[in-house]
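An overview of the molecular structure
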Amino acid sequence: SGIKTEGAEDALENAEVVYEASGLSSAAGVRPFDFSIRKGEVNGFTGLLGSGRSESVRAIFGADHVSSGTVKMGGKLVKITSPLAAMKHGISYLPEDRKRDGIIGDLSVRDNIILARQVLDGFFHPISKAKAEKYAEEYIRLLSIKTASTDTPIKSLSGGNQQKVILARWLLANPVYMILDEPTRGIDVGTKESIHNLIRSYARQGMAVLMVSSDMPELIGASDWIVAM
């Protein structure tokens, strides 16, 4: 069920639909569901553990095998059967478990930041060190990432700064649609607020954002619509 939050802008109802799924289901046990999100909209997914909130966004990103349904982006039918296909259509996904699915601990902050962009460009077209350094410095500054240098192994950073590095990775992919699964779990209040401000800033620029969280006050403050599962 969908709940419109207080303060959500009515103007969004006339905005372009960025992503629309019909009858989407996955091999991870997600039953067919319909979902859409508009340009500039922040939608929240919530529900008890095991409700299917994370599995639903993994189906959207093609991280789990999609067993049925159709997807439109910008009004055109598209096939999203893998994360790479999702990325090529402008979808980014910050996973729930950054230790398992996000950071590559022994790699530098710089190499962790450029990873998604390098995947999109293809490994036969490596990003030069100068360009990688430029990207890393830009996002370290933008997200106020606390690190000794761009060469610092990401495993040396605090949890909140690791999360900012992974967020930088997906922002560098220039998404039209960003999925954030528990983006502020386990981080300090100051970092949480800065991530919320960043999300709203990108939404104002037209990005569609889907945020999964078990923290209802967080979703009420950050979202235009909340989907309770």
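Quick note: structure is the one above.
Residues numbered from 1 in each chain as written. Predicted model: local features only at pLDDT ≥ 70, side-chain atom pairs only at ≥ 80, totals over all residues. Heavy atoms only, no water.

**Re the overall build of the protein chain**
Scanning the protein chain from terminus to terminus reveals 8 helices and 10 strands. Expressed along its principal axes, the backbone C-alpha trace of the protein chain runs to roughly 45 × 40 × 35 Å. Residue burial in the protein chain is summarised as follows: out of 229 residues, 51% are buried. Looking at the protein chain alone, contacts between residues at least 24 apart form 69% of all its contacts between residues at least 6 apart. Surface exposure of the protein chain reaches about 11200 Å², of which carbon and sulfur atoms provide 53%. Treating the 27 positive side-chain charges of the protein chain as one cloud and the 27 negative ones as another, the clouds have centres 5 Å apart. (Helix = DSSP H or I, 4+ residues; strand = E, 2+ residues; numbered from the N terminus. Buried < 20%, exposed > 50% of the residue type's maximum accessible area, 1.4 Å probe, protein only. Contact = heavy atoms within 4.5 Å. Areas by Shrake-Rupley, 256 points an atom, 1.4 Å probe, with all protein chains shown as cover. Lys, Arg positive; Asp, Glu negative; His and termini not counted. Charge placed at Lys NZ, Arg CZ, Asp CG, Glu CD.)

**Notes on the pairing of strand S5 (residues 66–73)**
Note: strand S2 (residues 17–26) against S5, 6 bridges, orientation antiparallel. Residue pairing for S5: Ala-21 is matched across the bridge by Val-71. Sheet topology note: the S5/strand S6 (residues 76–78) ladder contains 3 bridges and is antiparallel. Note on S6: the bridge partner recorded for Val-71 is Val-78. (Pairing = 2+ DSSP bridges.)

**A closer look at helix H1 (residues 53–61)**
Most of H1 is tucked away, with 7 of its 9 residues classed as buried. Within H1, the full set of buried residues consists of Arg-53, Ser-54, Ser-56, Val-57, Ala-59, Ile-60 and Phe-61. Immediately downstream of H1, the backbone of Gly-62 shows phi near 75°, a positive value.

**Focus: the nonpolar core**
Most often, soluble globular proteins have nonpolar side chains that are buried together. Tyr-19 and Tyr-177 are the most contacted members of the largest nonpolar core, which has 66 residues in total. For this core, the leading source of residues is helix H6 (residues 159–171), giving 6 residues. Once you skip the residues sitting within four places of it in the chain, Tyr-19 turns out to touch Leu-24, Phe-35, Ser-36, Ile-37, Ile-60, Val-71, Lys-72, Met-73, Ile-91 and Tyr-177. (Core = buried A, V, L, I, M, F, W, Y, C linked by side-chain atoms within 4.5 Å.)

**What about the layout of surface pockets?**
By volume, the largest pocket is sized at about 460 Å³. Lining the largest pocket are 24 residues, and of these Phe-33, Asp-34, Phe-45, Val-227 and Met-229 sit closest to its centre. In terms of residue count, strand S3 (residues 33–38) provides more of the lining of the largest pocket than any other element does, 5 residues in total. Among the residues forming the lining of the largest pocket, the class breakdown is 9 nonpolar, 9 polar and 6 charged. (1 Å grid on protein atoms, 1.4 Å probe; cavity = no way out; pocket = protein on both sides within 12 Å on 5 of 7 lines; lining within 4 Å. Points joined across faces, edges and corners; volume = space filled by probe spheres on them. Nonpolar A, V, L, I, M, F, W, Y, C, P; charged D, E, K, R; others polar.)

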